[in-house]
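Tertiary structure, described
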Amino acid sequence: MSHILSGLRVIDCGTYIAGPAAAVIMSDFGAEVIKIERPPAGDPYRMLYRLPGMALSPIDYNSMLDGRNKKSLALDLGDEACREALLKLVASADVFVTNYQPQLVKKFRLGFEDLQAVNPKLIYAQVTGYGEIGPEADKPGYDLTGYWARSGLMGIMYNADAEPTRSPCGFGDHPTSMSLFAAIMLGLYQRNSTGMGCKVSTSLMANGAWSNSCQIQAALCKASAPERGTRKTCSNPLVNHYLSRDGRRFVLCCLDSARDWTRICAAIGMTELIGETKFNTPAGRAANAAELVELLDREFAKEDMAAWKRRFAEQEIIWGPVPSFEQVPDDEQMRINGVFTEMQDAPGGPARTVSNPITVEGAEKAPPKMAPAVGQHSTEILRSLGYSEEAIAEMIHRGVTLG
């Protein structure tokens, strides 16, 4: 079956998430993605699920997500024969993706100019931690440091009675991969008119700033930061989270000051509060936040979530569930809208994974396939590049590729 990006060859010469995840999106739309991995262990991301603090599982769930659909070519890029093989592959490729540290790009001669000389039509896509110029250009970065912390997000997303916390795995990498994917598509679009390739790039730092851009723009305008509060001393108790009787957490997002107070009063069955001056204006609710939060806590604890769901719908109240780690995969709305997709070739039977968030009407995504073993396709790809069985065997014997 043909897909939007069928016929496109992509080289994924990256590690962990931000670069490789952009390649995954292309693979979902039919591109052939060949992942370059150092033998014998491959991308260190393959081992991340085993580290303390990660969700415990015998399954490498990270590779299921960000390694799906790819072919794996094991190459020791410090070896000249392997570099020659990579350059032959580059000559046949449309896109080259890397998030290697700048020092490694220089060491392995994988810069845009190096590869453009081999393939002038190549779209060269790069992710860095902190941009390509300046005193920190060579500084290594993960999304925790370059996206979450550097952007200011870590410094604002906690209550007055708490401390800053770290971001979960991939929190900034996956949004950054979307930016890189968009940049690649722009590069390909430009190539259609110019016939030439180009370099496109982004950084964890820039994407973090874009995610936090409303607050950064306020700071640029010399705005005063709002006072940090707690859940019970929030500036608007109608934009807050609460618990139902059956322990389900939900969040209200009531921003229509002219109507939402009346709707909340009707939902909790206390219409007598509509005219209560302590609560019927935004200023009153802010000044009496602790009392109102306590009142709402008490009322919401009287019914199960199913009842509140009906009442909120009746009153057209904007709210959202706050599911636990284990509850998200059971989200029916996500399932219906294709947020999850099924891998038919998973060991032990079909298993679900998270689809990329882009849909194109009338265009099906490619059925996802499990991530390959390290170097699983090395022999196949090297043969396609014109290597003899003897040459491949010699490379395997030297340990610079895998058979």
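Above this text is the structure in question.
Owing to the predicted nature of the structure, the values given are computational and were not obtained by experimental measurement. (Residues numbered from 1 in each chain as written. Predicted model: local features only at pLDDT ≥ 70, side-chain atom pairs only at ≥ 80, totals over all residues. Heavy atoms only, no water.)

What about unusual backbone geometry?
Selection rule: Helix numbering and strand numbering both begin at the N terminus, where a helix is a DSSP run of H or I of at least 4 residues and a strand a DSSP run of E of at least 2. Burial status follows relative accessibility: with a 1.4 Å probe on protein chains alone, a residue under 20% of its type maximum counts as buried, one over 50% as exposed, and anything between as partly exposed.
The omega torsion of the bond from Pro39 to Pro40 falls at 0 degrees, within 30 degrees of zero and hence cis. With respect to the secondary-structure elements, Pro40 resides in the loop between strand 2 (32-37) and helix 2 (61-66). Not every positive phi belongs to a glycine, and Arg109 is a case in point at roughly 55 degrees. Residue placement: Arg109 occurs in the loop between helix 4 (102-107) and helix 5 (112-116). On the accessibility criterion, Arg109 (35% relative accessible area) is partly exposed.

Things to note about the sheet that holds strand 7 (residues 241-243)
This is how it is decided: The criterion for strand pairing is that DSSP finds at least two bridges linking the strands in question. Every axis in this analysis is a line fitted to C-alpha atoms, fitted for helices over the stretch in contact. Angles between the N-to-C directions lie between 0 and 180 degrees.
Here we have three strands laid out as an open sheet, ordered 7-8-9, and antiparallel in their pairing. The open sheet terminates on both sides in strands that have one partner only, identified here as strand 7 and strand 9 (319-321). Across the sheet, the mean angle separating the axes of adjacent strands is 30 degrees when strand polarity is ignored. By the bridge criterion, three bridges tie strand 8 (residues 249-252) to strand 9 in an arrangement that is antiparallel.

Regarding the layout of surface pockets
This is how the line gets drawn: For each structure, a 1 Å grid was placed over the protein atoms alone; sets of points admitting a 1.4 Å probe that cannot get out are labelled cavities, open sets with protein on both sides within 12 Å along at least five of seven lines are labelled pockets, and lining residues have an atom within 4 Å of a point. Grid points are joined across faces, edges and corners, and a volume is the space filled by probe spheres set on the points. When residue character is reported, Ala, Val, Leu, Ile, Met, Phe, Trp, Tyr, Cys and Pro are called nonpolar, Asp, Glu, Lys and Arg charged, and the others, Gly included, polar.
There is about 870 Å³ of room inside the second largest pocket. Lining the second largest pocket we find 28 residues, and of these Ile156, Pro226, Glu227, Arg228 and Gly229 sit closest to its centre. Here the lining of the second largest pocket is built from residues that sort into 13 nonpolar, 13 polar and two charged.

Thoughts on the nonpolar core
Here is the rule we go by: Residues grouped as a nonpolar core are buried Ala, Val, Leu, Ile, Met, Phe, Trp, Tyr and Cys residues, joined through side-chain atoms within 4.5 Å. Two residues form a contact once any of their heavy atoms are found within 4.5 Å.
If you look at the biggest cluster of nonpolar residues, it comprises 30 residues, and the most contacted ones within it are Ile11, Ile36, Leu75, Leu77, Phe96 and Leu110. The set of elements that each furnish at least two residues to this core consists of strand 2, helix 3 (80-91), helix 5, helix 16 (378-384) and helix 17 (389-397). If you tally residues by element for this core, the top one is helix 3, at six residues. When neighbours within four sequence positions are excluded, Ile11 is seen to be in contact with Ile34, Ile36, Leu86, Leu89, Val90, Ala93, Val95, Phe96 and Val97. Ala31, Val127, Leu153 and Phe181 belong to the second-largest nonpolar core, a separate cluster that totals 27 residues.

Remarks on the sheet that holds strand 2
Reading across the sheet, the six strands line up as 3-2-1-4-5-6 and stay open at both edges, with parallel pairing between neighbours. Sheet topology places strand 3 (71-74) and strand 6 (198-203) at the edges, where each strand pairs with a single neighbour. Sheet twist, expressed as the mean angle between neighbouring strand axes with direction ignored, is 20 degrees. Pairing of strand 5 (residues 123-128) with strand 6 involves six bridges; the strand directions are parallel. Looking across to strand 6, one finds that Val127 is bridged to Thr202. Helix-sheet contacts for helix 1 (residues 18-28) involve strand 1 (9-12), strand 2, strand 4 (95-98) and strand 5, and the interaxial angle to strand 1 is about 160 degrees.

Considerations on empty space enclosed by the protein
The full count for this structure, using the stated rule, is one cavity of 30 Å³ or more. Taken as a whole, the largest cavity holds about 120 Å³ of empty space. Taken together, 14 residues line the largest cavity, and the ones lying closest to its centre are Lys35, Asp43, Ser63, Asp66 and Gly67. Looking at the lining of the largest cavity, the elements with two or more residues in it are strand 2 and helix 2. A per-element tally of the lining of the largest cavity places helix 2 first, with three residues. Its residues placed into classes, the lining of the largest cavity shows five nonpolar, three polar and six charged.

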